[in-house]
2 protein chains.
Amino acid sequence: MSNRPKITYTFTDEAPALATYSLLPIVKAFSASAGIDVETRDISLSGRILAAFADKLDADKRIEDDLAYLATLATSPEANIIKLPNISASVPQLKGAIAELQALGYSVPNFPEDPQSDEENEIRARYAKVLGSAVNPVLREGNSDRRAPAAVKAYARKHPHSMGKWSMASRSHADYMRGGDFFSSEQSITMDKAGEVRIEFVGKDGQVELKKKLALQEGEVLDSMFMSCNKLRAFFEQTLQDCKETGVMWSLHVKATMMKVSHPIVFGHAVSVYYKDVFDKYGELFKELGVNPNNGISSVYDKIKTLPASQQEEILHDIHEVYSHRPEMAMVDSVKGITNLHIPSDVIVDASMPAMIRNSGQMWGKDGKQKDTKAVMPESTYARIYQEMINFCKTNGAFDPTTMGTVPNVGLMAQKAEEYGSHDKTFEMTADGTMRVVAADGTVLMQHEVEAGDIWRACQTKDAPIRDWVKLAVTRARLSNTPAIFWLDPERAHDRELRKKVELYLQDHDLTGLDISIKGYNEAIRTSMERQMRGLDTISVTGNVLRDYLTDLFPIMELGTSAKMLSIVPLMAGGGMYETGAGGSAPKHVQQLVEENYLRWDSLGEFLALAVSLEETGIKTGNAKAKLLGKTLDEATGKLLDNNKSPSRKVGEIDNRGSHFYLALYWAQALAAQDEDAELKAHFAPVAKALTEREATIVAELNSVQGKPAEIGGYYRSNPELTSKVMRPSATFNAVIDGLVA
Amino acid sequence: MSNRPKITYTFTDEAPALATYSLLPIVKAFSASAGIDVETRDISLSGRILAAFADKLDADKRIEDDLAYLATLATSPEANIIKLPNISASVPQLKGAIAELQALGYSVPNFPEDPQSDEENEIRARYAKVLGSAVNPVLREGNSDRRAPAAVKAYARKHPHSMGKWSMASRSHADYMRGGDFFSSEQSITMDKAGEVRIEFVGKDGQVELKKKLALQEGEVLDSMFMSCNKLRAFFEQTLQDCKETGVMWSLHVKATMMKVSHPIVFGHAVSVYYKDVFDKYGELFKELGVNPNNGISSVYDKIKTLPASQQEEILHDIHEVYSHRPEMAMVDSVKGITNLHIPSDVIVDASMPAMIRNSGQMWGKDGKQKDTKAVMPESTYARIYQEMINFCKTNGAFDPTTMGTVPNVGLMAQKAEEYGSHDKTFEMTADGTMRVVAADGTVLMQHEVEAGDIWRACQTKDAPIRDWVKLAVTRARLSNTPAIFWLDPERAHDRELRKKVELYLQDHDLTGLDISIKGYNEAIRTSMERQMRGLDTISVTGNVLRDYLTDLFPIMELGTSAKMLSIVPLMAGGGMYETGAGGSAPKHVQQLVEENYLRWDSLGEFLALAVSLEETGIKTGNAKAKLLGKTLDEATGKLLDNNKSPSRKVGEIDNRGSHFYLALYWAQALAAQDEDAELKAHFAPVAKALTEREATIVAELNSVQGKPAEIGGYYRSNPELTSKVMRPSATFNAVIDGLVA
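Residues numbered from 1 in each chain as written. Chains lettered and ligands numbered in written order. Predicted model: local features only at pLDDT ≥ 70, side-chain atom pairs only at ≥ 80, totals over all residues. Heavy atoms only, no water.

So, about the sheet that holds strand β9 (residues 221-227) of chain A. Residues and elements named next belong to chain A. With antiparallel pairing, 4 strands are arranged side by side in an open sheet as β6-β9-β19-β16. Strands with a single pairing partner mark the edges of an open sheet, and in this sheet they are β6 (187-190) and β16 (426-428). Taken pair by pair, the neighbouring strands of this sheet meet at an average axis angle of 10°, ignoring direction. In this fold helix α18 (residues 493-506) packs onto β6, β9 and β19 (455-461), with an angle of close to 25° to the strand it touches most, β6. (Pairing = 2+ DSSP bridges. Helix = DSSP H or I, 4+ residues; strand = E, 2+ residues; numbered from the N terminus. Axes fitted to C-alpha atoms, helices over the stretch in contact; angles between N-to-C directions. Contact = heavy atoms within 4.5 Å.)

Given below as structure tokens:
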């Protein structure tokens, strides 16, 4: 490695990879002026396949295992990684990539769907490491720092998104269990030394069943809790009766994607309580057919298709009968008649609640009209924050994006902080008895009396990530000169354990002049909102679930979307990773480029990540030029937003490449205009001049290629020369940029 | 004076005075056992008249000026005064008392209605000092300490009053101005040395008009603020439109009795905005007739009586037309058709809001049904606490009197702490211009740009009472081992001045182990309610207005009434005054005694006050017996409540006298049962035995006299022998009590 500071830019897949061909030359050219190298590392699906089978390839076709390199880098202090979205490959995608590589002359083996030999098994095992979410678990060696970048916040202040008006007479509210849920049963311990514990179920007959063994580290926090099935069902029934009485619309909000085991069960109970008459009447039949309410009422529609038409009709009739005596239910799609209980992944609390709150506290009824709603969120642990925000909006009106402060988040995430119940430690009880956590010496550490149907779960949180999280909170408070609130609820067992650690680890830091406090959830969100209403910022320092919830909730109020947030993972070893593109890698964008030579991908996330990456480089290496590059890049991004130079989405107007030109133009102008660094000023003044003068020419060159097919020579591994040519169609622009590094 | 500790029991008027004839012998007999003297001081109306004209009376008819004595006593550390309610005399009452005294042979002069001579003027001047509220201003030389006595709280926990259920879908709320009100314009200064200031109005022409001169003390806080007439009227219109849209009922909540100048004007604007069509149409006519909207819509009904019937009908028709396009208004009396805007004193915020909150957040519509309501309280300073409580009840349901904690109050009251705008410093502007407060040297200390119709006011708060209030808060926190919250709003100018003093004066005290904090109103009430819901107590330490509001709000939730609260005025000089009987002196009770020999007066307030008085005596003089008397008296009161031995209100059952017997019985039993003091145990064991054995006899003797007229020889100055005979009709009971002191 050279001693020059280095930014590692990931080369990934599809639209972000295409955009990289245009953006990276600009980034490299500008960064060079501060003596910064920008290296690329290939973590594309095709790259990872080639790395996995390097031994099978011709020598000239072999590539380095860049993911392995990045994994090592992530645990070293000099890591400065810009992580673009990549493909989490399904089997069909994998097979498509293999076929393409083989056609390109790479001798990678076929994917053995049904391996028969040792060799095939070995191949299959190598491919297994490439499938699915193979990158994030390797790289996310840190906690989460998410915030609205200054440029984005400024843009929202000038061009506010719409916010539905709130009435003080609104009937909307969030309803949650007042006992019998995970919150009320939570227990938590901290291991005073490393050791193994057993999760056991003791039946009424005294039989002990080992459910799971866990090896815990010293200082690790282990929680256990359960949700009572009977109380959950009684709660659902009560909320339905209440809606029936008050005329308020009923809706369910869970997070079946994150709480992968517990929440589908919770969702299933909602379905079978709401449609109780149907499930009572057809209980046996549904069992035979394999109807699973955890998959939503759509499961009934799917499974009854095998029945005679008359029987199907009878069941459908009975389902429709249910609506006559149940309260109106919120619709996901009122045109298609898809309700809140259709499938478990349609209403995801962290997205659906902010949407409801932005929409005057209302959701959509079956008549397509928006109505006051009871948002049912059984688990009271987090539901209370939504009720607090609803009360706040009733009292103070909708938030005002033009004046409101921001609430960035520092979230405990590293090393799989499992606050939300890890999937392998969540159990649906099949009998009455006792669930307990037992130490190696037989000591019972925690236990709960449970009944059949109850959902019991445990969560692990390691000590080192907590210590790092506290440090990150202090750092953010210091750097942004912003008060920070640790959201730790005095009534929650887990949070009481964490509080002890937080108070201890805060002592490691100089807190002079900082405003750091610890508050329960209601007080924390209320304080943050009161300040926000007055234009003041407050850092939320939270566990993993609230990280997930709040990084949608506040951004959606402040910016209208969470996609524009800066997502930083300060790595525990000291490096940094800057994640971009909440929208995924966008296969449809590639198709449009190939057909029309138009790339609608918005590189805003990359601009923002790069600015922070440069700033961090500057801070860590004492490189003032790097800091200045970051600062001016942010100015350029702000100007780009202001002047509406993001991809227009219309062929013939500026696309991804045009937005990169404007970024370069504004960035150069900002560097030429500043007076902090004379060298950079002198360096970029002619660039700014050239780009300014040639704006019309360059834009014409960039836009004139559109409307015709483009040839890039591949989907999973496009040809670099062809792709570069397509992505850099303006000779005038290229000349200026390439001249910078020459 | 003797060196024995002494309790001063006030002899007052009407029912409380009659009850004293029965209760005092018991009190004296029990107190004697701890070496405590109980003296009575006559502050009855007749007594005050006689004292005022002592020089005109025969030597044998002269009495001491007990009010003057008490005024001196109140400023001395040994004061221990039990203050019963007395007559605040109107002129007719005064004349009645004079006539009665003259008939009894007291040569007091007639009241000169229209004094013609110097002598008559002098007489008139003496009577002036007897008229109206002549006692409280003399005696209230301290701040306010109000709390629910343990016995009363225990009773409410066992026998909870009804509480209306709250729905999460309730539309009720409190609405208030978001600018243009007193809160948003408040300015406040602290005098660094004593000096005179001038309140001036500067017209648009530069003319300066002196409105008022004030002599301020060193350290005195002076506030000034105004309410914009235009913004107030626009606010009313907006609330009406909002109710029209949402269908929520409209109601107005002000405190025209306390804010005697400002709130009637605010009320008047509500009337003339609601009935705008009528006031617009008949503006000139109403002016001629002297209609004043500040007196309510009833003013229209009153004043148009002089008009021809046809014109009256037209106006009434137009008034009824208003209801067709205005939202429904809350009724004070739906049977009589009396609305919220009828007269200004019908809906008093401190009583009406707790009633609404206890009643599921609803008020009564014109159809006699209860409905969700917009409670309109223009002045946002205090209105916000009601919205906070409403949101709290929506989220958590109605308070539960069987489990909820208590929120006692320490209120800044001494030396007329004028937070609510003193009447002589409130002005309704008649022209546009500047209101300003100017120091003697010409420095402008505060100023506001005002318009005609705006309401400007100033308030004074002296320093010594603030220092005493802080001390009282610390004392109460220490003695009751309860967290105390100073309600001082960071966004209020007055409170920021007070906060400086509070932080300074807290340093005078040992706060070790105490939990004393300062919070804004919303946070203060929220914290108190969160604790209360969990059964925890929190002292509210507030200014004068919140003292007034909270000592209704919390007691009504906790006890169903504020009448059962203990009201203590710890005098600044070190003594204590214990006020009883929020219900007044009750003339109708006297009438019933004379006609049926039944006194329905409930001496609960006296029992409670006496217990604290004894406890305080014990603490201040190190008299353990006195403390024990107080403690056992509280136990007795609790038992009396539990066993339902308060006056039954039915002739033939126990009345005031019977309840005194049971108090004596339970008190003696408690003293006989305790083991802290052997001497008292021995002393009261035979008393307990005698009273227990003779219960049936005594109750029979007490009740048998009822149903026939009773002769007490006077109303304002009844004959002591006759009255004592009437009030002590049980020879058996008297023998036991009198035997105690013998």
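Attention shifts here to the UniProt feature "site: Critical for catalysis" (unreviewed entry) in chain A. Residues and elements named next belong to chain A. What UniProt calls "site: Critical for catalysis" (unreviewed entry) maps, in this numbering, to K255 and Y420. Looking at the secondary structure, you find K255 in the loop between β10 (249-252) and α10 (262-274). For K255, the contacting residues outside a window of four places in its chain are H263, I348, V349, D350, D548 and Y549. Side chain to side chain, K255 and D350 meet in a polar contact 2.7 Å long. (UniProt positions renumbered as here; feature names shortened; annotations may be inferred. Polar contact = N/O pair within 3.5 Å; in protein donor to acceptor, adjacent residues only side chain to side chain.)

Below, the discussion takes up the interface of chain A and chain B. In this assembly, 26 residues from chain A lie in contact with 26 residues from chain B. Summed over both partners, the interface of chain A with chain B buries about 1900 Å², with 36% contributed by carbon and sulfur atoms. The largest contributions to the chain A side of the interface with chain B come from M168, A169 and T395 of chain A, which together make up 30% of the buried area. Seen at the junction of chain A and chain B, the total is 4 salt bridges. In this structure, R526 of chain B engages E388 of chain A in a salt bridge whose closest nitrogen and oxygen atoms are separated by 2.6 Å. Elements represented by at least two residues in the side of chain A that touches chain B include exactly β5 (173-175), α9 (229-246), α16 (380-396) and α19 (521-533) of chain A. (Buried area = accessible area lost by both parts, 1.4 Å probe. Salt bridge = Lys/Arg side-chain N within 4 Å of Asp/Glu carboxyl O.)

Take helix α17 (residues 463-480) of chain B next. Taking 1.5 Å per residue as the helical rise, α17 of chain B with its 18 residues ought to reach 26 Å, and the 26 Å between its terminal C-alpha atoms agrees with that figure. Of all the residues in α17 of chain B, the buried ones are D463, P465, I466, D468, W469, V470, L472, A473, V474, R476 and A477 of chain B. (Expected span 1.5 Å × (residues − 1). Buried < 20%, exposed > 50% of the residue type's maximum accessible area, 1.4 Å probe, protein only.)

Once that is clear, we can look at the packing of helix α1 (residues 14-32) of chain B against helix α27 (residues 720-727) of chain B. Residue and element names in this part refer to chain B. Their axes nearest at 9 Å, the elements α1 and α27 cross at an angle of 70°. Here α1 lies roughly perpendicular to α27, going by the angle between them. By crossing handedness, the relation of α1 to α27 is classed as right-handed. Residue-level inspection shows L18, A19, Y21 and S22 of α1 in contact with α27, the latter providing P720, T723, S724 and M727. Taken together, the residues of the contact of α1 with α27 break down into 5 nonpolar, 3 polar and no charged. (Parallel < 35°, antiparallel > 145°, perpendicular 65-115°, else oblique. Left-handed = near helix turned anticlockwise from the far one by under 90°. Nonpolar A, V, L, I, M, F, W, Y, C, P; charged D, E, K, R; others polar.)

Right, let's get into the packing of aromatic side chains. Residues and elements named next belong to chain A. By the definition in use, this model includes 44 aromatic pairs over all chains. Relative to Y323, the ring of Y274 has its centre 6.3 Å away and its plane inclined at 50°; by these criteria the two rings are tilted. Taken together, the positions of Y274 in helix α10 and Y323 in helix α14 (residues 309-325) put the pair 49 residues apart, joining distant regions of the chain. Residue Y274 is classed as buried on the basis of its relative accessible area, which comes to 1%. Take Y323: its relative accessible area is 30%, and that puts it in the partly exposed class. Centre to centre, the rings of F279 and F286 are 5.3 Å apart; their planes meet at 80°, and the pair counts as edge-to-face. With a relative accessible area of 14%, F279 lands in the buried category. (Phe/Tyr/Trp six-rings, centres within 6.5 Å; stacked < 30°, edge-to-face > 60°.)

Time to look at the sheet that holds strand β8 (residues 208-216) of chain A. Residue and element names in this part refer to chain A. One open sheet holds the 4 strands; their spatial order is β8-β7-β17-β18, and the pairing between them is antiparallel. Edge positions in the sheet fall to β8 and β18 (444-450), since each of these pairs with one other strand and no more. If you compare each strand with its neighbour and ignore which way they point, the axes differ by 15° on average. Bridging between strand β7 (residues 195-203) and β8 involves 8 bridges; their strand directions are antiparallel. Opposite E196, over in β8, you have A215 as the bridge partner.

Scanning all chains against the criterion turns up 109 salt bridges over all chains. As a salt-bridge pair, E200 of chain A and R198 of chain A come within 2.7 Å of each other at their nearest N and O atoms. The buried category is assigned to E200 of chain A, whose relative accessible area is 5%. Look at R198 of chain A and you get partly exposed, because its relative accessible area is 23%. Notably, a salt bridge pairs D175 of chain B with R178 of chain B, separated by 3.7 Å at the nearest N-O pair. For R178 of chain B, a relative accessible area of 48% translates into the label partly exposed. Taken together, the shared-partner salt bridges connect E388, E491, R526, E530 and R534 of chain A together with E388, E491, R526, E530 and R534 of chain B into one network.

In this structure, S360 of chain A takes a positive phi of about 60° despite not being glycine. For S360 of chain A, a relative accessible area of 13% gives the class buried. Backbone geometry places R649 of chain B, a non-glycine residue, at a positive phi of 75°. With respect to the secondary-structure elements, R649 of chain B resides in the loop between α23 (624-642) and α24 (656-673). With a relative accessible area of 59%, R649 of chain B lands in the exposed category.

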